[in-house]
Amino acid sequence: MELYDDTKAIAFIREHLDGDVAAKYDDDEFQNVIDIIMDWYEDNDLLDADIDDNDIDNDRDALLTALTRHVSEILSKDKGAKLLAEDVKAGVDAELAYEDYISQL
């Protein structure tokens with residue numbers, strides 16, 4: 001398994017988003033999404049080494065829904081955020097795809 005790399009994650013997210021969506025935002029917007037997700041993982045004790053990844057993988061749809069809701073909520077309170085609500089789910093889904101990708105390496 002490769003370690004998480006924010007720069008690689010942002011590049012991966014850009015590659016996995018529709019070109020029009022990816023072009024609307026600078027890297028800081030995607031970094032913000034990554035930070036929000038990592039904070040959520042930390043708040044929910046999901047960064048611990050003892051976590052069984054299979055439990056998380058088995059309910060990816062629920063994770064995507066919860067993270068999309070959380071990221072949307074945080075971004076709605078962030079006056080400087082530019083990521084539109086309709087693009088949040090795609091961004092979160094692409095970030096989760098990056099996590100899946102590096103877990104296979």
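The structure this text deals with has already been given above.
Here the structure is a predicted model, which is why all the values come from computation and not from measurement. (Residues numbered from 1 in each chain as written. Predicted model: local features only at pLDDT ≥ 70, side-chain atom pairs only at ≥ 80, totals over all residues. Heavy atoms only, no water.)

**Student:** Tell me about the overall build of the chain, residues and numbers included.
**Tutor:** Scanning the chain from N- to C-terminus turns up six helices and zero strands. The buried share of the chain, taken over its 105 residues, is 32%. Nonlocal contacts in the chain, meaning residues at least 24 apart in sequence, comprise 73% of its contacts between residues at least 6 apart. Total accessible area on the chain is roughly 6600 Å²; 47% of this is exposed by carbon and sulfur atoms. (Helix = DSSP H or I, 4+ residues; strand = E, 2+ residues; numbered from the N terminus. Buried < 20%, exposed > 50% of the residue type's maximum accessible area, 1.4 Å probe, protein only. Contact = heavy atoms within 4.5 Å. Areas by Shrake-Rupley, 256 points an atom, 1.4 Å probe, with all protein chains shown as cover.)

**Student:** Account for a negative patch on the surface, naming residues and giving values.
**Tutor:** On the surface, D35, D39, E42, D43 and D45 cluster together to form a negatively charged patch. One can find D39 in helix 3 (residues 27-43). (Patch = residues over 30% accessible without salt bridge, like charges linked within 9 Å, V, L, I, M, F, W, Y side chains within 5 Å. Salt bridge = Lys/Arg side-chain N within 4 Å of Asp/Glu carboxyl O. Lys, Arg positive; Asp, Glu negative; His and termini not counted. Charge placed at Lys NZ, Arg CZ, Asp CG, Glu CD.)

**Student:** A description of the side chain of E99 should follow, citing residues and the corresponding values.
**Tutor:** Mapped onto the elements, E99 comes out in helix 6 (residues 85-103). Among buried Asp, Glu, Lys and Arg side chains, E99 stands out as unpaired, with R60 the closest opposite charge at 8.0 Å. The residues touching E99, leaving out its near neighbours within four places in the chain, are Y4, I37, M38 and Y41.

**Student:** Could you give me a rundown of the nonpolar core, with the residues and numbers involved?
**Tutor:** Of all hydrophobic cores here, the largest spans 27 residues; its most connected members are L17, I37, Y41, L67, V71, V92 and L96. For this core, the secondary structure elements donating two or more residues are helix 1 (6-16), helix 2 (19-24), helix 3, helix 5 (60-77) and helix 6. Setting aside chain neighbours within four positions, we find V92 in contact with V33, I37, L64, L67, T68 and V71. (Core = buried A, V, L, I, M, F, W, Y, C linked by side-chain atoms within 4.5 Å.)

**Student:** Which residues make up helix 6, and what values do they have?
**Tutor:** For helix 6, built from 19 residues, the straight-helix expectation of 27 Å at 1.5 Å per residue is met to within 8% by its first-to-last C-alpha distance of 28 Å. Within helix 6, the full set of buried residues consists of D87, V88, G91, V92, A94, E95, L96, Y98, E99 and I102. Buried residues in helix 6 make contact with helix 1, helix 2, helix 3 and helix 5. (Expected span 1.5 Å × (residues − 1).)

Function-wise, these values are silent; they only describe arrangement.
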